[in-house]
There are 2 protein chains.
Amino acid sequence: MNESAVSSTPVVHPLTQAQASLGDSLRAVELVLDQTSQSTVQLIPEVSHHLLGAGGKRIRPTLLLLMAQAADADLDSAVDLAVATELFHNASLLHDDVVDRGHLRRGVAAAPRVYGNSASVLVGDFLMARAFGMVTQHGDLELLRQLSLVISAMAEGEVLQLIRSGRATLSLPGYEEIISGKTAGLFSWGCRAGASLGPRPAALAEAAAQFGQAFGMAFQIADDVLDYTASPEQSGKDLANDLRQGKTTLPLLLGCEQDPDLLSLVEEAAASPSNEEPCLAIVRRVLKTEAVALALAKAEQYTQRAVDCLDVFGKSPAAGHLVELAHYITDRVKLSS
Amino acid sequence: MNESAVSSTPVVHPLTQAQASLGDSLRAVELVLDQTSQSTVQLIPEVSHHLLGAGGKRIRPTLLLLMAQAADADLDSAVDLAVATELFHNASLLHDDVVDRGHLRRGVAAAPRVYGNSASVLVGDFLMARAFGMVTQHGDLELLRQLSLVISAMAEGEVLQLIRSGRATLSLPGYEEIISGKTAGLFSWGCRAGASLGPRPAALAEAAAQFGQAFGMAFQIADDVLDYTASPEQSGKDLANDLRQGKTTLPLLLGCEQDPDLLSLVEEAAASPSNEEPCLAIVRRVLKTEAVALALAKAEQYTQRAVDCLDVFGKSPAAGHLVELAHYITDRVKLSS
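Residues numbered from 1 in each chain as written. Chains lettered and ligands numbered in written order. Predicted model: local features only at pLDDT ≥ 70, side-chain atom pairs only at ≥ 80, totals over all residues. Heavy atoms only, no water.

## So, the overall build of chain A
- In terms of helices and strands, chain A carries 17 helices and 2 strands.
- By the compact-globule yardstick of 20 Å for 337 residues, chain A fits well, its C-alpha radius of gyration being 20 Å.
- Expressed as lengths along the three principal axes of its C-alpha atoms, the size of chain A is roughly 55 × 55 × 40 Å.
- Looking at chain A as a whole, 58% of its 337 residues are labelled buried.
- When contacts within chain A are restricted to residue pairs at least 6 apart in sequence, long-range pairs at least 24 apart make up 76% of them.
- By element, 52% of the accessible surface of chain A is carried by carbon and sulfur atoms, the whole surface being about 13300 Å². (Helix = DSSP H or I, 4+ residues; strand = E, 2+ residues; numbered from the N terminus. Rg over C-alpha atoms; globule rule 2.2 N^0.38 Å. Buried < 20%, exposed > 50% of the residue type's maximum accessible area, 1.4 Å probe, protein only. Contact = heavy atoms within 4.5 Å. Areas by Shrake-Rupley, 256 points an atom, 1.4 Å probe, with all protein chains shown as cover.)

## Details of the confidence of the model for chain A
Residue and element names in this part refer to chain A.
- Put simply, chain A has an average pLDDT of 91, and 95% of its residues get 70 or more.
- Residue range residues 1–8 is modelled with pLDDT below 50. Its contacts to residues more than four positions away, or to other chains, number 1 contact.
- Scoring of the predicted complex yields 0.93 for pTM and 0.93 for ipTM. (pLDDT = per-residue confidence, 0-100.)

## Brief notes about the nonpolar core
- By size, the foremost hydrophobic cluster in this structure holds 234 residues, and its most contacted members are Phe211, Phe215 and Phe313 of chain A together with Phe211, Phe215 and Phe313 of chain B.
- Not counting residues within four places of it along the chain, the set of residues in contact with Phe313 of chain B comprises Met67, Ala70, Ala71, Ala195, Leu204, Ala207 and Ala208 of chain B. (Core = buried A, V, L, I, M, F, W, Y, C linked by side-chain atoms within 4.5 Å.)

## Notes on the interface of chain B and chain A
- The interface of chain B with chain A comprises 36 residues on the first partner and 36 residues on the second.
- Overall, the association of chain B and chain A removes approximately 3300 Å² of surface from exposure, summing both partners, and the carbon and sulfur fraction of that is 77%.
- Between chain B and chain A we count 0 salt bridges in total.
- Inspection of the chain B/chain A interface yields 6 residue pairs in polar contact (both at pLDDT 80 or more). (Buried area = accessible area lost by both parts, 1.4 Å probe. Salt bridge = Lys/Arg side-chain N within 4 Å of Asp/Glu carboxyl O. Polar contact = N/O pair within 3.5 Å; in protein donor to acceptor, adjacent residues only side chain to side chain.)

## Some points on the pattern of salt bridges
Residues and elements named next belong to chain A.
- What the rule picks out here adds up to 29 salt bridges over all chains.
- Residue Glu142 is joined to Arg145 by a salt bridge in which the shortest nitrogen-to-oxygen separation is 2.9 Å. You can see Glu142 and its partner Arg145 sitting in helix H8 (residues 141–163), 3 residues apart, about one turn around the helix.
- Classification of Glu142 as partly exposed rests on a relative accessible area of 38%.
- Residue Arg145 is classed as partly exposed on the basis of its relative accessible area, which comes to 29%.
- Here Arg285 makes a salt bridge to Asp261, at a shortest N to O gap of 3.7 Å. Of the two residues, Arg285 is situated in helix H15 (residues 277–288) and Asp261 in the loop between helix H13 (250–258) and helix H14 (262–271); the sequence distance between them amounts to 24 residues.

## Quick look at the packing of helix H7 (residues 111–138) of chain A against H8 of chain A
Residue and element names in this part refer to chain A.
- Following both chains from N to C, one finds H7 and H8 inclined at 160 degrees, their axes separated by 10 Å at the closest point. In terms of axis orientation, H7 runs roughly antiparallel to H8. The handedness of the crossing between H7 and H8 is right-handed. Residue-level contacts link Met128, Phe132, Val135, Thr136 and His138 of H7 to Leu143, Leu144, Leu147, Ser148 and Ile151 of H8.
- Within the contact of H7 with H8, the residues separate by chemical class into 7 nonpolar, 3 polar and no charged. (Axes fitted to C-alpha atoms, helices over the stretch in contact; angles between N-to-C directions. Parallel < 35°, antiparallel > 145°, perpendicular 65-115°, else oblique. Left-handed = near helix turned anticlockwise from the far one by under 90°. Nonpolar A, V, L, I, M, F, W, Y, C, P; charged D, E, K, R; others polar.)

## Structural notes on unusual backbone geometry
- For Asp72 of chain A, which is not glycine, the phi torsion reads 60 degrees and is therefore positive.
- For Asp72 of chain A, the location among the structural elements is in the loop between helix H5 (59–70) and helix H6 (79–100).
- Note on Asp72 of chain A: relative accessible area 60%, which makes it exposed.
- The phi dihedral of Arg58 of chain B is positive, around 55 degrees, even though this residue is not glycine.
- Structurally, Arg58 of chain B is set in the loop between helix H4 (43–52) and helix H5 (59–70).

## Topic: the relation of the copies chain B and chain A
- When chain B is fitted to chain A, the residual RMSD is 0.0 Å, and the transformation amounts to a turn of 180 degrees plus an axial shift of 0.0 Å. Both copies are brought into coincidence by an operation consistent with a two-fold rotation axis. The position closest to the rotation axis in chain B is occupied by the C-alpha of Val121 of chain B, lying 3.7 Å away. (Least-squares fit on C-alpha atoms with pLDDT ≥ 70 in both.)

## A look at the side chain of Lys182 of chain A
All names here are of chain A.
- By secondary structure assignment, the location of Lys182 is in helix H9 (residues 172–196).
- Comment: no salt bridge for buried Lys182; closest opposite-charge side chain is Asp224, at 5.1 Å.
- Among all residues touching Lys182, those that are not within four sequence positions of it are Ala153, Met154, Gly157, Glu158, Gln161 and Gln220. (Lys, Arg positive; Asp, Glu negative; His and termini not counted.)

Written out as C-alpha cells, the structure reads:
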C-alpha cells in the first residue's frame, strides 16, 4: 500500500464502529425516542425534536447496549432502557440550558433561546416522567430504586456546581463530587442496567456500574477540557461556555495551582460577567500552563480504571468496543487540541 | 345558649376536622417530608423548606390517607405514598413559579424570587426524583406506571396553558383539558393509591380514582375563582395572578361569554403586561357578571360527581370526611367572596 493510499483511507472513529456493530438496536432506539417524545400537545415533540434531532452522540444508549451485548443479553430487551438513559440526559440538558443560560447546544440555538425557559422546564419534566415510565415498564424495581437515587444525585451535583460557581479555589475532591453526581451516575446506572439483562447479573452488574462510573468521570473531564480547547464548530457550544457561567472545572483548577496570578483574573471576570475579554484572557493563560495535559492525565487514570473493570466480562467484540470507547474519550480531545 | 356564646364558638373547618381524625399519620407525613428533602447539599433542604415550611394545606396527603382509611387499609402503609403526592405537588410548584414568574406563594416570596430560577428548577427535579423513589420503595409497578403517566400529563397540561395564554376565547373543553392534566390527575392518582392499599382494590380503586379526578377539577376551578375574589392575604398569592400571566381561567372565560366587550380589554392587557390597571379593570368587570356564580356552579357539579363516587365505600367516618371536604371546596370560596 503506498503512502497516498494510506492517507486517503478515512479514519473510522471508535464510536462509529461501535454503533455500526449495534445495527438495528440503535435504529430501534431512535424510533422509540421519537415515539416517546410524542404528545397531543404539539409544542412538546417540537421542543424535544429541536434537541434530540440536533444530533448528540447517543453515547449513553450505545454504552448500555454494548454492555448488554458483553453480558450476553438479548439486545431487544435493552432498547427501552437505552432510550430511558437518553431521555434523562436530554431532560437534564433542557433544564441545564435554563440554569446555565447557554446560547448554543449541539451546534444550534439552545432550546430556551428558541422556545423560552418555561417550555424548556416543562418539556424537561415531561421527558423525565416518560423516562421513568419506560424503566417502570421494564419492571425491575431494584433498577428503578437506583435510578431515582441517580436522578436526585444529578440534581444535587448541579446544585453543588451552582453554589460553587465563581470560586477558582474549588478543590479536586469538590470538583469530582460535582461531576460524579451530575454526569457519572447516569453512565453508571446505564451500564449496570445493560449488564443486569444478561444471564449473570450478580457476577457482572457491579463491575458494569463501576466501568460506567469511571467512564463518566473521564467523559466529563474530557468535556471540561474541550471547553478550553475546542472551537464552537467542534464542540457545538460557545467557547469557554463553562467559564462564562462562572463554573470552575478541572483545567482552571489545575491552571490556578500552576499560575496563582490566575485567581485574580478569575475574580475580575466574575465581577463583569457580560465582558468576554477577561474570560478569553483566562483561557489563553490556562493554555500556557500544563493544566490541559494534567487534566487529560487525570481522565486517562479514570479510563484505565474503567477498562480494568471489564476483565470479568471476558473477551468479546462488544467488550472490545467498550475498551476502544474508553480510550477514545481522551483521544478525541487530543485530536481537537 | 345566648347569641354572644354562639358567635364566640370557633368555626372548625372540615379540613381541620379531617386532619385531626388522621392524627399521627399526618404528623408522620410531615416527618417523612422533612427527611426526604434532606441532602448533604444544604441549599436543597433550604429551598424545599422555604416552600414546604411556608404551610400549604397538605390536601393531597389528607385525601390519600382518608381514602386509605375509607378502604380499610393500614394507615402506616399509606404514609410514604402520601408524602410522594405532596413532593410531586411541591416540585411542580417550584417549576411553576419559574414558569409563571409569580412573586408570592403561600404568603411568602416565591422560591425563584429568593433563590433564583436555577435553584428552583434543580430542587424541583430533586424532589421529583425523591418522590419517584418513595413510590418505587412501595413496590406496586402498576401504581408507578400510572404515576409516570400522571406526571407527564401534568407537564402537558402546563404546556397547554402556556400555549393558550393570552387567549380569552379559550373553550370550556379546552380549559377543562388543561386543569385535568395539571391538577386533577395527581389528585386522582393519590386517591387510587390510597384505596389500592385496602383489602378490596379491585372493587374500590377505580371509584377512588374517579372521586379524585372530580375533586381535583372542582378544586382547581375554585382556586381559579379565588384568583378573582380573594385578597392576597386570603390566598397567599398576588391578586389576579393568573390574569397577569395571561392565563385564561373559567371566570374570565364565562365573563367574556356574558360581556363580549371584555375581549378587547383582555387584548389591551396582553399588550402591556407590566401595567397593572388593565388587569384590575378586567377583574372588576368579571365580578359584575354572573361568571363567579356560574363557575362555582360548575365546581359544584364536579363536587357532586365526586361525592357520588363514594357510594361503593359504604358509610364510615373517613368517607364522611371525604364528603365534607368535597363540599368545602366551594364553601370556602363563598366564605371568601
